[in-house]
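# Topology and contacts: notes
Spelled out, the chains give:
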Amino acid sequence: MAHTQTTPPPANRLQGRRIVITGAASGIGRATAELFAAEGAALTLMDLNNEGLQQLARTTGAFAFEADITDEASVERAVQQGAAAMGGIDGVVNAAGVLLRGSVLEVGLKEWRRVLDINITGTYLVVRCCLPWLKQVPGSTIVNLGSAQSLLPNAPNRTAYATSKGGVLNLTRALAAELAPDIRANTVCPGLVETPMTEEIRGNVNNYALRRLGQPLEVARSILFLTTSESSYVTGAALAVDGGRSFH
Ligand SMILES: NC(=O)c1ccc[n+]([C@@H]2O[C@H](COP(=O)([O-])OP(=O)(O)OC[C@H]3O[C@@H](n4cnc5c(N)ncnc54)[C@H](O)[C@@H]3O)[C@@H](O)[C@H]2O)c1
C-alpha cells in the first residue's frame, strides 16, 4: 500500500543523537533501527538474536551487543560499551518483548513470570542502566513499547501479555513524572503489526477502523516523533498506533 510503503527522504532529524534500541534484530525494533540510522543517529543495538543483530549492525554502522534484557550484568555491559563507543546516550527505545497466548488456567506461573520479567522488568533494567547517561543531556528521551492491550485489554487469552503491557504503560508514566523536566518518557501502543511476533495471528481486520494491520515502519515513525524535539511538549503520553482498534 502506497501510504505504508512510501518513506519520506531522510532529513537527519537525529543527527548528533546517540540512541540505545532493544529488540533490534526483528520487527518493530529493527524498523526503528533502520529508520533512526537513516535519520543520522548513532546507535547501540541489543537483542538475544545475535545473528540478526550483527547483520543489521553491518548495514547501519551501529554498535551491536547480544544481551538478555532480564540479565543485569549483560545489560550493564552493553550499555557501558555502547555509551563509550557513541560518546554518551541521549535516547532509549525499548522494543524487546515477548507475546504469550493462553488462558489464565493454561499459563503456568513460570511462563507468567517470564512474560512480566521480560516485558516489564527488562524495560526497567535498560532504562535504569541508561539513566546516568540520559541525565547528562537535557532533552533526552525514553520510548517504551506498550500495546493496544495496554489501553484496552480485550483480546481473549492474552492476560499475561496484557498485564505486562499495562505495566509498561504505568512504568513509563511514572518515569515521565520522576524524570521531568529533563527527560521525556512516552509509550507507543501498537495494534496488530505484521512482524515475526504475530506471524500466527492475523486477526480480524474489521476490528480496525483502517481495515488493515500495521507495518513495522508505521510504528517506527511514531517512535521517531517521540524521540525528536518535534514532540518536545509530550511526556507521559500513550500514543495508540493501532489503526483505530482501541476506539473502534
Ligand atoms: N507486532 C505487534 O503486533 C505488536 C503489537 C503491540 C506491541 N508490540 C510490541 O512491540 C515490541 C516489538 O515487537 P515485534 O512485533 O517487533 O516482535 P519481534 O518478535 O519481531 O521482535 C522482538 C525482539 O525482541 C527480542 N527479545 C525478546 N526477548 C528478549 C530479551 N529477553 N532480551 C533481549 N531481546 C529480547 C527478540 O529476540 C526479537 O528480536 C514488543 O514489545 C511487542 O510486545 C508488538
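The structure contained in this document is the topic of the report that follows. Every chain is numbered independently, its residues counted from 1 as its sequence is written. Selection of residues for local features in this predicted model requires a pLDDT of at least 70, selection of side-chain atom pairs for listing and counting requires 80 or more, and totals for whole chains, interfaces and linings are taken over all residues.

## Thoughts on the pairing of strand 1 (residues 18-22)
Neighbour counting defines burial: a residue surrounded by 20 or more other C-beta atoms within 10 Å of its own C-beta is buried, one with 12 or fewer is exposed, and intermediate counts give partly exposed, using backbone-placed C-beta atoms. Secondary structure follows DSSP: runs of H or I at least 4 residues long count as helices, runs of E at least 2 residues long count as strands, and numbering of each begins at the N terminus. For strand 1, the buried fraction is high: five of the five residues fall into the buried class. Judged by which residues are buried, strand 1 turns out to be covered on both faces: Arg18, Val20 and Thr22 on one side and Ile19 and Ile21 on the other are all buried. What makes two strands pair is DSSP finding at least two bridges between them. Inspection of the sheet shows strand 1 paired to strand 2 (residues 42-47) by five bridges, in the parallel sense. Paired with valine 20 across the two strands is threonine 44, which belongs to strand 2.

## A word on the site of the ligand
Around the ligand lies a shell of 30 residues, among which Gly23, Gly27, Gly97, Thr195 and Met197 are the nearest. Those elements that place two or more of their residues in the shell around the ligand are helix 2 (27-38), strand 2 and helix 5 (109-134). Take the shell around the ligand: its biggest share by element is three residues, from helix 2. Here the nonpolar group is Ala, Val, Leu, Ile, Met, Phe, Trp, Tyr, Cys and Pro; Asp, Glu, Lys and Arg are the charged ones; every other residue, Gly included, is treated as polar. Looking at the shell around the ligand residue by residue, the class counts come to 16 nonpolar, 12 polar and two charged. Note on definitions: a residue is near a molecule or strand provided its C-beta atom, placed from the backbone, lies within 6 Å of it.

## Considerations on the nonpolar core
A set of buried residues qualifies as a nonpolar core if it consists of Ala, Val, Leu, Ile, Met, Phe, Trp, Tyr and Cys joined through C-beta atoms within 7 Å. Counting residues in hydrophobic clusters, the biggest one holds 71 residues, and the most contacted among them are Leu43, Leu45 and Cys130. Of the residues forming this core, the biggest block, 10 residues, is contributed by helix 5. Placing a C-beta atom from the backbone of each residue, one calls two residues in contact when those atoms lie within 7 Å. Leaving out residues up to four positions away in the same chain, cysteine 130 has contacts with Val20, Val79, Ile89 and Val92.

## Some words on the environment of arginine 211
Positionally, arginine 211 belongs in the loop between strand 6 (183-190) and helix 8 (216-227). For arginine 211, the contacting residues outside a window of four places in its chain are Val205 and Asn206.

## A few points about helix 5
Spanning 26 residues, helix 5 covers 35 Å between terminal C-alpha atoms, matching the ideal 38 Å at 1.5 Å per step. Along helix 5, the largest kink reaches about 35° and is centred on aspartate 117. Multiplying one less than the number of residues by 1.5 Å gives the expected span of a helix. At any given residue, the bend is defined as the angle formed between two axes, one fitted to the seven residues that end at that position and one fitted to the seven that begin there.

## Things to note about the pairing of strand 2
Across the six residues of strand 2, six count as buried, placing the element largely inside the fold. Orient the strands so they point away from the viewer, and a crossover whose first-strand-to-second-strand path over the helix runs clockwise is right-handed. On the question of chirality, the crossover connecting strand 1 to the parallel strand 2 by way of helix 2 is right-handed. For strand 2 and strand 3 (residues 63-66), the ladder comprises four bridges, and the chain directions are parallel. Across the sheet, methionine 46 pairs through a bridge with phenylalanine 65, a residue of strand 3. Chirality of the crossover, the property in question, places the unit of strand 2, helix 3 (residues 50-60) and strand 3 among those that are right-handed.

## So, the sheet that holds strand 4 (residues 91-94)
One open sheet accounts for seven strands, arranged 3-2-1-4-5-6-7; its pairing is parallel. Of all strands in the sheet, those with a lone pairing partner are strand 3 and strand 7 (238-241), marking the two edges. Recorded for the sheet is a direction-independent mean angle of 15° between the axes of neighbouring strands. A fitted line through C-alpha atoms serves as each axis, taken over the contacting stretch for helices, and the angle formed by two N-to-C directions is quoted from 0 to 180°. Strand contacts of helix 2: strand 1, strand 2, strand 4, strand 5 (140-145) and strand 6, with the helix running at about 165° to strand 1, the strand carrying the most contacts. Sheet contacts for helix 8: strand 1, strand 4, strand 5, strand 6 and strand 7; angle to strand 6, the most-contacted strand, approximately 165°.

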